[in-house]
Amino acid sequence: MQRNAALAALLIGFSLSTSAVLADTSITAAGSTALLPLVKDAAGAYQTANPSVKISVSGGGSGTGINQVAAKAIDIGDSDIQAPAQPELIDNRVAVIGFAVIVNPDLKIKNLTRKQIQDIFAGNVTNWNQVGGPDQKIVVINRTRGSGTRVVFEKTVIAPEKVTEGGLTEDATGTVISVVKSTPGAISYAAFSGTHGQPIVEVSIDGVAPTEANVITGKYPFWSYEHMFTYGPATGEVKKFIDFIASNNDLLTKNSFIRIADMKTSETNR
Amino acid sequence: MISSIARRSHTTERIALNVIRFCAGFVIFAMAIILIYLTVEGTKTFFVDHFSPISFLFSPDYDVDGGHPGAAVFIAGTLLVTVFAIVVGGPFGIAVGVFLSEIAPKAMAQVLKPAIELLVGIPSVVYGWLGLTLLVPLIRDHTSSPSGFSLAGAGIVLAIMILPTVISLSEDAFTSLPPALREGSLALGATRFQTIMRVLLPSASSGLAVALILGIARAVGETLAIQLVIGNAASFPKGIFSPTATLTTVIVGEMPSATQGTIQEHALFSMAFLLLLIAMVLILLVRFALRKRT
């Protein structure tokens, strides 16, 4: 009995010391599920190149990311939107992301006008046959309050109208996409990083297709900067990791993000 | 010699008693902290934001950005899923309780009882996941609901979740009845069914009430399982196959991203406070039902 306890203590001590040797620095990032695929991918590449750094990445939504970094619970708060003014929070813009309005593929809808999208999300239009689709009830899927994607959608597509609260609510980009895939008549919105290559339709807005090229020129309105907030200026490995993401064009393009330097248009309040 | 043993046991006793006192004191302290914290935070909507409690309870307009956190939709959602769960799961659970204590052969009851108790131990996220993958598509394909996320789906998941509680407690209520009741009824020539319906059910009524109330308490507080199937739409359901939201689902959905000190955070605390009040009322009802029995 005593020998077992001693053995266990030895093992615990050993595992603690090895993990301490293997990971000198650990970085935690959480927040936006639009930015999540990029940060995950980058974390993998960064850890391969720097085995002494351990990066753990999770979602939760932009609001959660900002809240947790403000509470110093994590090192990096990922967000699709700017944080409420707070001097300690430093905004590190790493990329540009486009968002698409997405519909279930069985609807065969390819294009919607901004007015039609506003009417659908305001609840004025409830059947697809009112906007040139089949006789099928519209199922509106919103993101939870606190989602950066939702804020960007309201600001760049829906304003000055308002989103009604009647729709279903899902709390992550991935969930939204799987629900739109499986639900006849569904419409929602999500980041290119989640929508590109999925068996759903990314509709054009006023005839402008949701592509990176159209975001770069500013023809397509539904986009935002991706922010990685730190509490105080980023230093050490955290700074290196953020710079690694912002500068790694292969990683950005692969995940459907756009390098900020490539943008031909700019916005100050996104 | 004797006096030293006596003294030592005296010391042990004193230490043990103090440890027990400390534990009891700590529980009371923790309870008080929770109560005070929730009361202070939960009433900020009314005292700091000056939003009327009447509007909070009865206005369906949940517009926190516009400074109007009406919670009527979520209160209605909580009440509706709970009523659904208890109407479906309550009688069913009591029937199984009767079966276990009065009808099932002993060997069968001995297998069934632990199996039912096992159901209590299944994490609620598993129930929710099963609801999402089995029930939601079923409702989508066979009812008017286009998405499958619905009040009915959440109610069914909840009904299954409260079954173990209702079954165990109602079985206890029946087995604790004096055997003379059964014997007397059967001796008078009543059939087994008549005995159950006319003698046992009324005699066990206060125990059954406790079973149902604790089932309701479980249903009111359940969060994750409901969140996965109810659709989380902040509007009154238009039918049982229509999505809606409950107090618990809106709290868990919005709390992580709610900024401190905003009217949204205060409103969520007020909802948590309301849940606490509901729980307290339910516990009082249980006490009342138990007192009636003795």
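Residues numbered from 1 in each chain as written. Chains lettered and ligands numbered in written order. Predicted model: local features only at pLDDT ≥ 70, side-chain atom pairs only at ≥ 80, totals over all residues. Heavy atoms only, no water.

Undergrad: What's the story with the overall build of chain A in this structure? I'm lost.
TA: Looking only at helices and strands, chain A features 10 helices and 12 strands. Reported as C-alpha extents along the three principal axes, the dimensions of chain A are approximately 75 × 50 × 35 Å. Considering chain A as a whole, with its 270 residues, one finds that 50% of them fall into the buried category. Within chain A, contacts between residues at least 6 apart in sequence are counted, and of these 75% link residues at least 24 apart. As displayed, chain A has an accessible area near 11700 Å², and 55% of this comes from carbon and sulfur atoms. When the 23 positive and 24 negative side-chain charges of chain A are each reduced to one mean point, those points stand 1 Å apart. (Helix = DSSP H or I, 4+ residues; strand = E, 2+ residues; numbered from the N terminus. Buried < 20%, exposed > 50% of the residue type's maximum accessible area, 1.4 Å probe, protein only. Contact = heavy atoms within 4.5 Å. Areas by Shrake-Rupley, 256 points an atom, 1.4 Å probe, with all protein chains shown as cover. Lys, Arg positive; Asp, Glu negative; His and termini not counted. Charge placed at Lys NZ, Arg CZ, Asp CG, Glu CD.)

Undergrad: For this particular structure, what's the right way to read the nonpolar core?
TA: Buried together is how nonpolar side chains tend to be arranged in soluble globular proteins. Of all hydrophobic cores here, the largest spans 105 residues; its most connected members are Ile120, Phe121, Trp128, Phe153, Ile187, Phe222 and Phe241 of chain A. Element by element, the count of residues in this core is highest for helix 7 (residues 151-175) of chain B, at 10 residues. Sequence-distant contacts of phenylalanine 222 of chain A, defined by excluding residues within four places in its chain, comprise Gly98, Phe99, Ala100, Val101, Thr149, Val152, Phe153, Thr156, Val157, Tyr189 and Ile205 of chain A. With 26 residues, the next largest nonpolar core counts Phe51, Phe74, Val220 and Leu268 of chain B among its residues. (Core = buried A, V, L, I, M, F, W, Y, C linked by side-chain atoms within 4.5 Å.)

Undergrad: Hey, could you run me through a nonpolar patch on the surface in this one?
TA: Residue and element names in this part refer to chain B. Together, Leu35, Ile36, Val40, Leu277 and Met280 make up an exposed nonpolar region whose accessible area comes to about 410 Å². Among the elements of the structure, helix 1 (2-42) and helix 13 (263-293) are those that each provide at least two residues to the nonpolar patch. Sort the elements by how many residues they give to the nonpolar patch and helix 1 lands first, with 3 residues. Its location among the elements puts methionine 280 in helix 13. (Patch = residues over 30% accessible without salt bridge, like charges linked within 9 Å, V, L, I, M, F, W, Y side chains within 5 Å. Salt bridge = Lys/Arg side-chain N within 4 Å of Asp/Glu carboxyl O.)

Undergrad: How do you make sense of the pattern of salt bridges when you look at a structure like this?
TA: Side chains that differ in charge, positive against negative, can pair when their charged atoms come close. As enumerated under the stated definition, the model contains 13 salt bridges over all chains in all. In this structure, arginine 150 of chain A and glutamate 154 of chain A form a salt bridge, with 3.2 Å as the shortest nitrogen-oxygen distance. Linking arginine 150 of chain A with glutamate 154 of chain A, this pair stays in helix 5 (residues 148-158), spanning 4 residues, or about one helical turn. The salt bridge partner of aspartate 63 of chain B is lysine 162 of chain A, with a shortest N-O separation of 3.1 Å. Taken together, the residues aspartate 63 of chain B in strand 1 (residues 62-63) and lysine 162 of chain A in the loop between helix 5 and strand 8 (168-170) connect one chain to another.

Undergrad: Which parts of the structure should I look at to understand the interface of chain A and chain B?
TA: Accessible area lost upon the coming together of the parts is a frequently used measure of interface size. Taken together, the contacts link 20 residues of chain A with 22 residues of chain B. Overall, the association of chain A and chain B removes approximately 1600 Å² of surface from exposure, summing both partners, and the carbon and sulfur fraction of that is 49%. Our count for the contact surface shared by chain A and chain B stands at 3 salt bridges. There are 9 residue pairs in polar contact (both at pLDDT 80 or more) connecting chain A and chain B. Looking at the side of chain A that touches chain B, the elements that each hand over two or more residues are helix 3 (62-70), strand 8 and helix 6 (173-182) of chain A. (Buried area = accessible area lost by both parts, 1.4 Å probe. Polar contact = N/O pair within 3.5 Å; in protein donor to acceptor, adjacent residues only side chain to side chain.)

Undergrad: Would you take a moment to explain the side chain of serine 242 of chain B for this structure?
TA: Residues and elements named next belong to chain B. In this structure, serine 242 sits in the loop between helix 11 (224-230) and helix 12 (247-254). Residue serine 242 is classed as buried on the basis of its relative accessible area, which comes to 11%. Looking at serine 242, its side chain comes within polar contact range of the main-chain nitrogen of lysine 238, at 3.1 Å. Once you skip the residues sitting within four places of it in the chain, serine 242 turns out to touch Phe149, Ser150, Leu151 and Pro237.

Undergrad: Is there a simple way to explain the packing of helix 5 (residues 106-121) of chain B against helix 7 of chain B in this structure?
TA: Packed helix pairs are specified by the crossing angle of their axes together with the interaxial distance, meaning the distance between the axes. Residue and element names in this part refer to chain B. Orientation of helix 5 relative to helix 7, taken along the N-to-C sense of each, is 140 degrees, at an axis distance of 8 Å. Taken together, the axes of helix 5 and helix 7 are oblique relative to one another. At the point where helix 5 passes helix 7, the crossing takes the left-handed sense. Of the residues in helix 7, those in contact with Lys113, Ile116, Glu117, Leu119 and Val120 of helix 5 are Pro164, Ile167, Ser168 and Glu171. Residues belonging to the contact of helix 5 with helix 7 are distributed by class as follows: 5 nonpolar, 1 polar and 3 charged. (Axes fitted to C-alpha atoms, helices over the stretch in contact; angles between N-to-C directions. Parallel < 35°, antiparallel > 145°, perpendicular 65-115°, else oblique. Left-handed = near helix turned anticlockwise from the far one by under 90°. Nonpolar A, V, L, I, M, F, W, Y, C, P; charged D, E, K, R; others polar.)

Undergrad: What is the right way to look at the packing of helix 6 (residues 124-142) of chain B against helix 7 of chain B in this model?
TA: Residue and element names in this part refer to chain B. Helix 7 packs onto helix 6 with a crossing angle of 140 degrees between their chain directions and a minimal axis gap of 10 Å. Relative to helix 7, the element helix 6 lies oblique. Of the two elements, helix 6 crosses helix 7, and the hand of that crossing is right-handed. On helix 7, the residues that touch Ser124, Tyr127, Gly131, Leu135 and Ile139 of helix 6 are Gly153, Ile156, Val157, Ile160 and Met161. Along the lines of polarity and charge, the residues of the contact of helix 6 with helix 7 split into 7 nonpolar, 3 polar and no charged.

Undergrad: Whenever I open this one, the packing of aromatic side chains confuses me. Can you help?
TA: For any pair of aromatic rings, the description consists of the separation of the ring centres together with the inter-plane angle of the planes. Residues and elements named next belong to chain A. Counted according to the given criterion, the structure contains 14 aromatic pairs over all chains. Relative to phenylalanine 241, the ring of tyrosine 46 lies with its centre 5.4 Å away and its plane at 65 degrees, an arrangement referred to as edge-to-face. Of this pair, tyrosine 46 sits in helix 2 (residues 36-49) while phenylalanine 241 is found in helix 9 (residues 236-247), placing the two residues 195 residues apart along the sequence. Judged by relative accessible area, tyrosine 46 falls into the buried class, the value being 5%. (Phe/Tyr/Trp six-rings, centres within 6.5 Å; stacked < 30°, edge-to-face > 60°.)

Undergrad: It is not clear to me how helix 2 of chain A should be interpreted in this structure. Could you clarify?
TA: Along an α-helix, residues three or four positions apart point the same way, because every turn accommodates 3.6 residues. Residues and elements named next belong to chain A. End to end, helix 2 covers 20 Å across 14 residues, agreeing with the expected 20 Å (1.5 Å per residue, within 8%). Along helix 2, the residues that are buried comprise Leu36, Leu38, Val39, Ala42, Ala43 and Tyr46. Across the axial projection of helix 2, the buried residues extend over an arc of 150 degrees, all falling on one side. Seen from the open side of helix 2, the exposed residues pointing more than 90 degrees away from its buried face are Lys40 and Thr48. (Expected span 1.5 Å × (residues − 1). Arc of directions from axis to C-beta.)

Undergrad: Explanation requested: the confidence of the model for chain A in the structure shown.
TA: If pLDDT is low for a region, its predicted coordinates should not be looked at in detail. Looking at chain A, pLDDT values average 88 and 91% of them are 70 or higher. Averaged over each element, pLDDT in chain A is lowest for helix 1 (residues 2-22) of chain A (47) and highest for strand 10 (residues 201-205) of chain A (96). (pLDDT = per-residue confidence, 0-100.)

Undergrad: Would you take a moment to explain the side chain of threonine 156 of chain A for this structure?
TA: Residue and element names in this part refer to chain A. As for its placement among the helices and strands, threonine 156 is situated in helix 5. Owing to a relative accessible area of 8%, threonine 156 belongs among the buried residues under this scheme. Here the side chain of threonine 156 touches valine 152 through a polar contact of 2.8 Å, landing on its backbone oxygen. For threonine 156, the contacting residues outside a window of four places in its chain are Arg114, Pro221, Phe222, Trp223 and Arg270.

Undergrad: Whenever I open this one, the environment of aspartate 243 of chain A confuses me. Can you help?
TA: Within the secondary structure, aspartate 243 of chain A sits in helix 9. Expressed as a C-alpha distance, the spacing of aspartate 243 of chain A and asparagine 92 of chain A, which sit 151 residues apart in the sequence, is 9.1 Å.

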